[in-house]
Amino acid sequence: MQRRKRNTIIFFVIAALWLVFDRVTKGYFDSAYTQGQTITESILGIFRFVLVHNTGAAWGIFNESTFLLGVSSAVVCAVILLAFVIVAKRINLAEALGLALVFAGGIGNGVDRFVSGYVVDFIEFTFINFPVFNIADMGVTCGFVIFVIGMLAHKHPESKTESETATPDDAERFV
């Protein structure tokens, strides 16, 4: 299968699935529980579920900046989509997967900001002081890490050294 076609399928299928997963979980928690409600006690001492309506970003920065953060998400997602279209035939599977997760996470939180005026967060680590987050946030974070790993593992043809691309005639120049 052609690389561009494979990457395009991966990008859109993963982005759609992750976005649906995000929307379904947020919809469930936001409709079944009330803001601030602790839903579970700590699970395995790692995390618990608690419903939070976040009008800012992580750790309370940019509080009450929902619209501006929504616009920022939309711009970043548009840039990711444009970049993907341009580089789809040159990136590897990990890079396509990473971009899809970041894109889906940005869309998921952006939809929350524009539709509800807040982001629905519901996963809270109990072993460290960390902001409450959601599936979209996991997509952005994990997607970024996967993308960077893919970039580090990927050897673009343009990045070959001169000795790797040298022809036999070129070898005579270095003798």
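Because the structure is a prediction, the values reported are computed rather than measured.

1. Side note on the pattern of salt bridges
Consideration 1: For the structure shown, the criterion picks out four salt bridges.
Consideration 2: A salt bridge links Lys26 to Asp112; the nearest nitrogen and oxygen atoms lie 3.0 Å apart. With Lys26 in helix 1 (residues 3–32) and Asp112 in helix 3 (residues 93–115), this pair connects stretches of sequence that are 86 residues apart.
Consideration 3: Residue classification places Lys26 among the buried residues on the basis of a relative accessible area of 2%.
Consideration 4: The network of salt bridges with common partners includes Asp22, Arg23, Lys26 and Asp112.

2. Regarding the layout of surface pockets
Consideration 1: The computed volume of the largest pocket comes to approximately 730 Å³.
Consideration 2: Around the largest pocket, the lining is made up of 30 residues, and of these Ala58, Asn109, Asp137, Val140 and Thr141 lie nearest the centre.
Consideration 3: When residues of the lining of the largest pocket are traced back to their parent elements, those giving at least two are helix 2 (66–87), helix 3, strand 2 (119–125) and helix 4 (135–153).

3. Digging into the environment of Asn134
Consideration 1: Looking at the secondary structure, you find Asn134 in the loop between strand 2 and helix 4.
Consideration 2: Setting aside residues up to four positions removed in sequence, Asn134 forms contacts with Asp22, Lys26, Asn109, Val119, Val120, Asp121, Phe122 and Ile123.
Consideration 3: In this structure the side chain of Asn134 is engaged in a polar contact, spanning 3.0 Å, whose partner is the backbone oxygen of Val120.

4. Considerations on the packing of helix 2 against helix 3
Consideration 1: The interhelical angle for the contact between helix 2 and helix 3, taken along N-to-C directions, is 155°, at an axis separation of 9 Å. By the angle between their axes, helix 2 is roughly antiparallel relative to helix 3. The crossing of helix 2 and helix 3 is left-handed. Where helix 2 abuts helix 3, its residues Thr66, Phe67, Leu69, Gly70, Val71, Ser73, Cys77, Ile80, Leu81 and Phe84 lie against Ala96, Leu99, Val102, Phe103, Gly106, Ile107, Gly110, Arg113 and Phe114.
Consideration 2: Broken down by class, the residue content of the contact of helix 2 with helix 3 amounts to 13 nonpolar, five polar and one charged.

Cut-offs and rules
- Residues numbered from 1 in each chain as written.
- Predicted model: local features only at pLDDT ≥ 70, side-chain atom pairs only at ≥ 80, totals over all residues.
- Heavy atoms only, no water.
- Salt bridge = Lys/Arg side-chain N within 4 Å of Asp/Glu carboxyl O.
- Helix = DSSP H or I, 4+ residues; strand = E, 2+ residues; numbered from the N terminus.
- Buried < 20%, exposed > 50% of the residue type's maximum accessible area, 1.4 Å probe, protein only.
- 1 Å grid on protein atoms, 1.4 Å probe; cavity = no way out; pocket = protein on both sides within 12 Å on 5 of 7 lines; lining within 4 Å.
- Points joined across faces, edges and corners; volume = space filled by probe spheres on them.
- Contact = heavy atoms within 4.5 Å.
- Polar contact = N/O pair within 3.5 Å; in protein donor to acceptor, adjacent residues only side chain to side chain.
- Axes fitted to C-alpha atoms, helices over the stretch in contact; angles between N-to-C directions.
- Parallel < 35°, antiparallel > 145°, perpendicular 65-115°, else oblique.
- Left-handed = near helix turned anticlockwise from the far one by under 90°.
- Nonpolar A, V, L, I, M, F, W, Y, C, P; charged D, E, K, R; others polar.

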